[in-house]
Amino acid sequence: MSRTSQLKVAVQMDPIERINIAGDTTFALLLEAKARGHQLFYYTPERLSMTGGTVTAAMQSLDVRDIAGDHFTLGDSERRALADVDVVLLRQDPPFDMAYITSTHLLERVHPKTLVVNDPTSVRNAPEKLFVTEFPQLMPPTLITRDKAEIEAFRAEHGEVVMKPLHGHGGAAVFRIAQPDANFGSLFDLFSTTFREQWVVQKFLPAVSRGDKRIILVDGEALGAVNRVPADNDIRSNMVRGGAAAATDLTEREREICTTIGPSLKARGLVLVGIDVIDGYLTEINVTSPTGIRAIKRLGGPDLAVSVWNAVTTRLG
């Protein structure tokens, strides 16, 4: 039997009982793994340990089914060495805090003998709102700072801006700041006391009202997309914030963006990536736990869980 005939697959994720299976990409990956006959194991990040250089986790065998309210069955907990499984899916959601960073350090002790998807070193070194700045020619004007004078100078040059935490996720704490805006001082104080790291300040793109496109790249190749349209009276297009998903195709500019960043993603071992594009501008490269696969399939696009597992199989050899 070849290594890829039947795999032992462990998933490091948030509590499985809390996920919304209709839109959860991790669940789509697990369904495809089951369809291929792979053996599934589940654990949450706090169950990860290391002793004597051996990385282990208190895992439970996992069965999944596409039935809302009855989507999983877990076996008894048993501590296993991660070196004894073939693949670990690193799929916990941000915040990208020290707990997340610590888990990447532990996982890189077993990778690539045990293939971790995405590569834990690259996940740690490519936080979404910083990694994207390696491609400034593709981005809207962007400032990374927590300096009030810098933000005020940026606003004076670019007018309306969006301000958001550097390591936030899911559209949390994303604010549109007008020029002028009497709320700016209070928002600055709020950010100063809430977020210790620098923040992202970006020129506001009015075309976000027509959608923020999530494009999925698998091993550096753009394979599908969904356009997320913000709800009325909201600039955030994230589907968890009420954004509506619509079928879409890629423009020539969007294909140029994907062609530009694709080789770097593949070289870094970032098998599954979701990028965000507004009006032809790249705003984020999501590598921690990107979503969108189920929405793309539901809207008539390809089943990208199949593509991800094909890529994993190729990497295993």
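Rules of the game
Each residue is numbered by its place in its chain's sequence as written, counting from 1. Whole-chain, interface and lining totals are the exception, using all residues; otherwise, since this is a predicted model, local features are given only for residues with pLDDT of at least 70 and side-chain atom pairs are given and counted only at 80 or more. Heavy atoms throughout the structure, all of them, feed into the side-chain values; hydrogens and water do not. Every angle, taken between N-to-C directions, lies between 0 and 180 degrees, and every axis is a line fitted to C-alpha atoms, over only the stretch in contact when it is a helix. Helix and strand definitions follow DSSP, with helices as H or I runs of at least four residues and strands as E runs of at least two, each counted in order from the N terminus. When describing relative orientation, an angle under 35 degrees is termed roughly parallel and one over 145 degrees roughly antiparallel, while 65 to 115 degrees is termed roughly perpendicular and anything else oblique. Crossings are sorted by hand: turned counterclockwise from the far helix by less than a right angle, the near helix makes the crossing left-handed, and turned clockwise it makes it right-handed. Two residues qualify as a contact provided that any one of their heavy atoms is within 4.5 Å of a heavy atom in the partner residue. Residue polarity follows a fixed list, in which Ala, Val, Leu, Ile, Met, Phe, Trp, Tyr, Cys and Pro are nonpolar, Asp, Glu, Lys and Arg are charged, and the others, Gly among them, are polar. A simple rule labels every residue: compare its accessible area, found with a 1.4 Å probe on the protein chains alone, to the largest value its type can have, and call it buried under 20%, exposed over 50%, or partly exposed in between. Two strands pair if DSSP finds at least two bridges between them. For a crossover, the right-handed case is the one in which the path from the first strand over the helix to the second runs clockwise, viewed with the strands pointing away from the viewer. The criterion is simple. A nonpolar core is a set of buried Ala, Val, Leu, Ile, Met, Phe, Trp, Tyr and Cys residues joined through side-chain atoms within 4.5 Å. For a helix, the expected span equals 1.5 Å multiplied by the number of residues minus one. Two axes enter the bend calculation: one fitted to the seven residues ending at the residue in question, the other to the seven starting there, and the bend is the angle between them.

**Q** I'm lost on the packing of helix 1 (residues 25–35) against helix 9 (residues 304–316) in this one. Help?
**A** When two helices pack together, their arrangement is captured by the angle between the axes and the distance separating the axes. One can describe the packing of helix 1 onto helix 9 by two numbers: an axis separation of 9 Å at closest approach and a directional angle of 65 degrees. With respect to their mutual orientation, helix 1 and helix 9 come out roughly perpendicular. Relative to helix 9, the crossing made by helix 1 is right-handed. Listed contacts from helix 9 to A28, L29, E32 and A33 of helix 1 are A305, V306, V308 and W309. Per-class residue counts for the contact of helix 1 with helix 9 are 7 nonpolar, no polar and 1 charged.

**Q** Is there a simple way to explain the pairing of strand 2 (residues 39–43) in this structure?
**A** Regular strands place their side chains on alternate faces of the sheet. Burial of strand 2 is extensive: 4 of the 5 residues sit out of reach of the surface. Relative to strand 2, strand 1 (residues 8–12) runs parallel, the two being bridged by 5 bridges. Residue pairing across strands places A10 opposite F41, the latter belonging to strand 2. Of the crossover connections in this fold, the one passing from strand 1 over helix 1 to the parallel strand 2 is right-handed. Summarising the sheet, strand 2 and strand 4 (residues 54–64) pair through 2 bridges and their orientation is antiparallel.

**Q** Explain the nonpolar core here, please?
**A** Nonpolar side chains in soluble globular proteins tend to be buried together. Ranked by internal contacts, the top residues of the largest apolar core, which has 40 residues, are Y43, L82, I275, L282 and I285. If you list the elements that add at least two residues to this core, you get strand 2, strand 4, strand 6 (87–90), helix 2 (98–107), strand 12 (212–218), helix 7 (252–267), strand 15 (272–278) and strand 16 (281–286). If we skip the residues at most four places from it in the chain, I285 touches E128, F131, V132, F135, I261, L265, V273, G274 and I275. Among the nonpolar cores identified, the runner-up in size contains 36 residues, and I21, L29, L89 and L304 belong to it.

**Q** Quick question: what am I supposed to make of helix 7 here?
**A** Side chains that are three or four residues apart share a direction in an α-helix, a result of its 3.6 residues per turn. The end-to-end C-alpha distance of helix 7, which contains 16 residues, comes to 24 Å, matching closely the 22 Å that a straight helix rising 1.5 Å per residue would cover. Along helix 7, the largest kink reaches about 40 degrees and is centred on I261; proline P263 follows within four residues of it. Those residues of helix 7 that sit buried are E254, I257, C258, I261, G262 and L265. On its buried face, helix 7 is in contact with helix 4 (128–131), strand 12, strand 13 (221–229), strand 15 and strand 16. Phi turns positive one or two residues past the end of helix 7, at G269, with a value near 75 degrees.

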